[in-house]
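Architecture and fold: a report
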Amino acid sequence: MPQRTVRTLLFRRTGPDAAFGRRLVLSVTATAVAAVPFALALVLVTSGWPPLHRLDLEAAEGMHRAVLDRPVVVRVLEFLTGVVWDPVTMRLAVAALVVWLLTRRAWRLAAWAGVTATAGGLTGLLVKSMVERARPHLPDPVSHAPGFSFPSGHAMTATTSCAVLLLVLLPLVPSSRRFLAWVLAVTSVVGVGFTRVALGVHWVSDVVGGWLLGLAVVTATTLVFETWRTDAGLRRTDPADEGLEPELRSSAPEPALAPRRGSDG
């Protein structure tokens, strides 16, 4: 290919394809930046960084002593982590949301919710299998959990699921109450992390790793969805305030789009 043609393709191309390419590069860059904190946590965990090891050990032992002789507290924590914030409960909530979106004919939003939840679960399992970190071994344990420890599956599932529910349903929440929706979501994510450490089945760094990896997954899929909206000619939104698709309030959440000028057909 002539050198001039190459320069034209790389630097002078304009129109929808070039705009999509620029947004795609920006999305990939933003996702990479969002993944940096998790990558750092992963390196520190796998290398056995002494300060992190001490923090994990001190937190695990301290919280274990706090609940050891309080069976009622243990039962409450187990109910919260095993029923209210259990990964199965969270995934069922997202599955119900996807079904509801399909009945509303919000096809792309349903796909985003399903892909985000599925990607989060598979990514968490993959990282667990790669790291193979052992769970805490404490004297007189008050609870047990199978499998590897890093990252916390409960923490990651809560992060991705609460983010999906929040970003999809925010348009249906009155503006004056959206702060409460955020409080509920953050409380659930932080709460499930607390239960895992208090019950002695995860290190603090496991929980933080689950939060960070969940945020990286949500960031990646959200940026892709925002790129689609832009390319489809829909206005840009503030997902933290309006949700991903403010049109969900209307009877046609994904209205038919006029074909672009110059497009075929």
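Note that this is a predicted model, so its numbers are computed, not measured.

Here the focus is the packing of aromatic side chains. In this description, an aromatic ring pair is defined by two values, namely the gap between the centres and the angle between the planes. By the definition in use, this model includes three aromatic pairs. Between F225 and W228, the ring centres sit 5.5 Å apart and the planes meet at 50°, which makes this aromatic pair tilted. Of the two residues, F225 and W228 both sit in helix α9 (residues 204-231), three residues apart, roughly one turn of that helix. Given the relative accessible area of 22%, W228 is considered partly exposed. Put simply, the rings of W112, F225 and W228 touch in pairs and so form one group of aromatic residues.

Under the counting rule described, the total for this entry stands at five salt bridges. Linking E245 and R229 is a salt bridge whose minimum nitrogen-to-oxygen distance equals 3.9 Å. Note that E245 is positioned in the segment after α10 (239-242) and R229 in helix α9, a separation of 16 residues in sequence. Accessibility assignment for this pair places E245 and R229 in one class, buried. Two residues, E247 and R229, come together in a salt bridge whose shortest N-O distance is 2.9 Å. Taken together, the residues E247 in the segment after α10 and R229 in helix α9 connect sequence positions 18 residues apart. With a relative accessible area of 18%, E247 lands in the buried category. One salt-bridge network, in which partners are shared between bridges, spans D56, R133 and D206.

Conventions and cut-offs
- Residues numbered from 1 in each chain as written.
- Predicted model: local features only at pLDDT ≥ 70, side-chain atom pairs only at ≥ 80, totals over all residues.
- Heavy atoms only, no water.
- Phe/Tyr/Trp six-rings, centres within 6.5 Å; stacked < 30°, edge-to-face > 60°.
- Helix = DSSP H or I, 4+ residues; strand = E, 2+ residues; numbered from the N terminus.
- Buried < 20%, exposed > 50% of the residue type's maximum accessible area, 1.4 Å probe, protein only.
- Salt bridge = Lys/Arg side-chain N within 4 Å of Asp/Glu carboxyl O.

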